[in-house]
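# Chain and residue survey
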Amino acid sequence: MRSHTREKLNSCDVCGKSFTSKGNLTVHIRTHTGEKSYRCNVCGKSFTSKGIVTLHMPTHTGEKPYSCNDCGKSFIQKGKLTDHMWTHTGEKPYSCNVCGKSFIQRDKLTEHMRTHTGEKPFRCNVCSKSFIQKGSLTVHMRTHTGEKPYNCNVCGKSFIKRGKLTEHMRTHTGEKPSSCNVCGKSFTRKGSLTDHMRANTGLTPKSCNVCGKSFTKKGSLT
């Protein structure tokens, strides 16, 4: 009857999340403990469950068995294809019950909900800083390890984040995709456009909590 009623009897003592089976709860607990008992025999990468190892293996074989009938793009996982199909239909089936914002992927909704609850389940084991997204923790860890995996193929400069490499490449190409709709000035970075717009509008959202003085840039506040 549990499978019909979707009754959730297995609750996480850390975050309170509930699961329909004890096995799923066990896998979930590892996201808190950091335990990764299942290892890929090709690259040595470790995972929290055997099923995730199975999903990981096609990254080595190159196999992408799930193809989109509309554009031909292929995917490793069936769920990724399902998410992709919504980019064609425009459907965003996962909606936030707090602010109404909608998402293509369920996990994006889960991440978004944390902006309302304040939950930050991904903690750095070096400095204890916490994050809403696992990807943000991954990027943060590089500030401790010094790893910069994204390299410019023009000048060789390296970056912690792919987005920073993308911005840097524009210094070589001259591309300035972010334009001011008031004066038409263009920028390589969206953040630079935001700063420019604040300067034009007079908005000064960054305030010093000591003297109360406001600034258009966070860097100026520092």
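Counting from 1, residues in each chain are numbered in the order their sequence is written. Local features are withheld for residues below a pLDDT of 70 in this predicted model, meaning they are given only at 70 or higher, and side-chain atom pairs are given and counted only at 80 or more; totals for whole chains, interfaces and linings count all residues. To get the side-chain values, take all heavy atoms of the structure and skip hydrogens and water.

## Observations regarding the overall build of the protein chain
In terms of helices and strands, the protein chain carries ten helices and 16 strands. Note on exposure labels: buried denotes an accessible area under 20% of the residue type's maximum, exposed denotes more than 50%, and partly exposed covers the range between, all computed with a 1.4 Å probe on protein chains only. The 222 residues of the protein chain split such that 21% are buried. Residue contacts are defined here by distance: any two heavy atoms, one from each residue, within 4.5 Å place the two residues in contact. Pairs at least 24 apart in sequence give 1% of the contacts found in the protein chain among residues at least 6 apart. The method behind every accessible area is Shrake-Rupley, applied with a 1.4 Å probe, and residues are considered shielded solely by the protein chains displayed. For the protein chain, the exposed area adds up to about 15500 Å²; of that, 50% sits on carbon and sulfur atoms. Helix numbers and strand numbers start at the N terminus; a helix is a DSSP run of H or I with at least 4 residues, a strand a run of E with at least 2.

## Let's talk about the side chain of Ser 178
Relative to the assigned elements, Ser 178 resides in strand 13 (residues 178-179). Apart from residues no more than four positions distant in its own chain, Ser 178 is found in contact with Lys 185, Ser 186, Phe 187, Arg 189, Lys 190 and Leu 193.

## As for the environment of Gly 163
Of note, Gly 163 is situated in helix 8 (residues 162-173). The class for Gly 163 is partly exposed, based on a relative accessible area of 40%. Along the chain, Gly 163 and Tyr 150 lie 13 residues apart, while their C-alpha atoms are 9.2 Å from each other.

## A short note on helix 2 (residues 22-33)
Given 3.6 residues to a turn, an α-helix orients residues that are three or four positions apart in the same direction. Helix length check: helix 2, at twelve residues, gives a terminal C-alpha distance of 17 Å against a target of 16 Å (1.5 Å per residue), a fit within 8%. For helix 2, the set of buried residues is Leu 25, His 28 and Arg 30. On its buried side, helix 2 packs onto strand 1 (10-11), strand 2 (18-19) and strand 3 (38-39). Once helix 2 ends, the next one or two residues include Gly 34, with phi positive near 85°. Expected helix span is given by 1.5 Å per residue-to-residue step, counting one fewer step than there are residues.

## Some thoughts on the environment of Phe 122
Residue position: Phe 122 is located in strand 9 (residues 122-123). On the basis of relative accessible area, Phe 122 is assigned to the buried category, the value being 17%. Spatially, the C-alpha atoms of Phe 122 and Leu 137 are 6.4 Å apart, while their sequence positions differ by 15 residues. Ignoring any residue separated from it by four or fewer positions in sequence, one finds Phe 122 in contact with Arg 114, Lys 129, Ser 130, Phe 131, Ile 132, Gln 133, Lys 134 and Leu 137.

## A look at the pattern of salt bridges
A side-chain nitrogen of Lys or Arg and a carboxyl oxygen of Asp or Glu constitute a salt bridge if their distance falls within 4 Å. By the definition in use, this model includes seven salt bridges. The residue Arg 114 makes a salt bridge to Glu 119 at a minimum N-O spacing of 3.8 Å. Three or more residues are tied together by salt bridges with common partners; here these are Lys 164, Glu 167 and Arg 189.

## A closer look at the packing of aromatic side chains
Any Phe, Tyr or Trp ring, taking Trp's six-membered ring, that has another such ring centre within 6.5 Å forms a pair; planes under 30 degrees apart are called stacked, those over 60 apart edge-to-face, and the others tilted. Throughout the structure, instances matching the rule amount to one aromatic pair. Residues Trp 86 and Tyr 94 carry aromatic rings whose centres are separated by 5.8 Å and whose planes lie at 80° to one another, so their mutual orientation is edge-to-face. Residue Trp 86 shares its accessibility class with Tyr 94, and that shared class is buried.

## Considerations on the side chain of His 56
Counting through the fold element by element, His 56 comes out in helix 3 (residues 50-56). In this structure His 56 touches Cys 40, Cys 43, Lys 45 and Phe 47, once residues within four positions along its chain are discounted.

## With respect to the nonpolar core
Membership of the largest hydrophobic core is limited to five residues, which are Trp 86, Tyr 94, Cys 96, Phe 103 and Leu 109. If sequence neighbours within four positions are ignored, Tyr 94 has contacts with Trp 86, Lys 101, Ser 102, Phe 103, Ile 104, Gln 105, Arg 106 and Leu 109. We call a set of buried residues a nonpolar core when its members are Ala, Val, Leu, Ile, Met, Phe, Trp, Tyr or Cys and they connect through side-chain atoms within 4.5 Å of each other.

Honestly, it's all geometry; don't read function into it.
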